[in-house]
Structures are given as structure tokens and as C-alpha cells.
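An overview of the molecular structure
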Amino acid sequence: MTAKWNEQHDYHSSANTDALCVHHLELNIVVNFDLQQLNGVARLQFTRKMAALSLVLDCRDLIIEGITDSDANVLSYYVSDVNAILGQKLVIDVGERLTEVVIHYRTSTTAQGLQWLTPEQTLGKQLPYLFSQSQPINARSWIPLLIR
């Protein structure tokens, strides 16, 4: 029996890519080396492929500080419990007409996609260093995502 790739379903994602398609991500991040945390604002613009009242994004251990529309109106949302494979679902109520959301968040100090080095661990031994390893699914630990 040969397994067939299902283009409509990513088995490592909870995002509702069948209904909504994010076509633009604007990301502003402040790095806090002392707390080993990123403070981020992600602005996502999306189009609708079919009727959907919620935008479902992939995340993992993000601390969501608030979500608004482009006019700064507060939106309702919830974050699911952690699933070992899928991470978490960030489900945002977008109603029938919204096409943009703004997510204010910060990362966990244990974000799987971020590696923090102390000055002593670097070549120059003067400054700390941060790099990301987002493969294969660890980007969701530092950016709320819907990828297709």
C-alpha cells in the first residue's frame, strides 16, 4: 500500500488553511537577553477561501498578551492545551468580515525554536547571542503561524 500525500491537510498543523490563507506577516520583535524572551507583535493579513468565523494558528508556549483587529478593537481568542505533536491552537474569533489581526505576545523562556548563548559561550566572549532553529515545526514557539 502506498501512502498518498494529502495536499489539503498538514498532519503537523492545526491551522485552518482550508478556510483562510495568510498572505502577509509583519513581525516586530524586541529581544530581551536578560529574560531570554522575545516580545513580539505579529500583524497577519489573510484572505478567505470559504466561510470561517475563526482564524486558527499554530503556536507553542506563547504568552498571548492581547489580540486586536487593525482598528485596535479587542478580539476574543483562546489557546488550547499543548499537544506533543501539534503544539497548541490559537483560535481567534474573526467574524465574517475581518481580514487582519494583530497579536501581541511574548515567548516562553523554554521556546523550542530559540537558542540563547551567554557571552562566555561566544567567540568574542563579550555579548550574548540568540539564534533560531525553527525546523521542522519549532517556529511556532516564537511566532504564531498559519503556513500553507
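One can find the structure itself at the top, above this paragraph.
These lines cover the structure that appears in this document, whether it is placed above or below.

**As for the sheet that holds strand E6 (residues 88-93)**
- Read across the sheet, 3 strands follow the order E3-E6-E5 without closing on themselves; strand pairing throughout is antiparallel. Lying at the two open borders of the sheet, with one neighbouring strand each, are strand E3 (54-59) and strand E5 (77-79). Looking at each pair of strands side by side, their axes are set apart by 15° on average, direction ignored.
- In terms of strand pairing, E5 meets E6 through 3 bridges, oriented antiparallel. Paired with Tyr-78 across the two strands is Val-91, which belongs to E6.

**Overview of a nonpolar patch on the surface**
- Taken together, the side chains of Ile-29, Val-31 and Phe-33 define a hydrophobic patch exposed on the protein surface, amounting to about 210 Å² of accessible area.
- Mapped onto the elements of the fold, Ile-29 is located in strand E1 (residues 20-32).

**Some points on the pattern of salt bridges**
- On inspection of all chains with the given rule, the structure shows 3 salt bridges.
- The salt bridge involving Asp-61 is made with Arg-60; its shortest N-O contact spans 3.8 Å.
- Glu-65 is the salt-bridge partner of Arg-106, the closest N and O atoms lying 2.7 Å from each other. Of the two residues, Arg-106 is situated in strand E7 (residues 100-106) and Glu-65 in strand E4 (residues 63-68); the sequence distance between them amounts to 41 residues.

**With respect to the pairing of E7**
- Buried residues dominate E7, accounting for 5 of its 7 residues.
- Relative to E7, strand E2 (residues 37-48) runs antiparallel, the two being bridged by 7 bridges. Its bridge partner lying in E7, Ala-42 is registered against Ile-103.
- The pairing of E4 with E7 spans 5 bridges and is antiparallel. Counterpart to Ile-63 in the pairing with E7 is Arg-106.

**As for the state of the cysteines**
- Under the definition given, this model contains 0 disulfides.
- Of all cysteine sulfurs in the structure, the one in Cys-59 sits closest to Cys-21, which takes part in no disulfide; the separation is 19 Å.
- Take Cys-21: its relative accessible area is 28%, and that puts it in the partly exposed class.
- On the basis of relative accessible area, Cys-59 is assigned to the buried category, the value being 0%.

The rules behind these values
Residues numbered from 1 in each chain as written. Predicted model: local features only at pLDDT ≥ 70, side-chain atom pairs only at ≥ 80, totals over all residues. Heavy atoms only, no water. Pairing = 2+ DSSP bridges. Helix = DSSP H or I, 4+ residues; strand = E, 2+ residues; numbered from the N terminus. Axes fitted to C-alpha atoms, helices over the stretch in contact; angles between N-to-C directions. Patch = residues over 30% accessible without salt bridge, like charges linked within 9 Å, V, L, I, M, F, W, Y side chains within 5 Å. Areas by Shrake-Rupley, 256 points an atom, 1.4 Å probe, with all protein chains shown as cover. Salt bridge = Lys/Arg side-chain N within 4 Å of Asp/Glu carboxyl O. Buried < 20%, exposed > 50% of the residue type's maximum accessible area, 1.4 Å probe, protein only. Disulfide = S-S within 2.5 Å.

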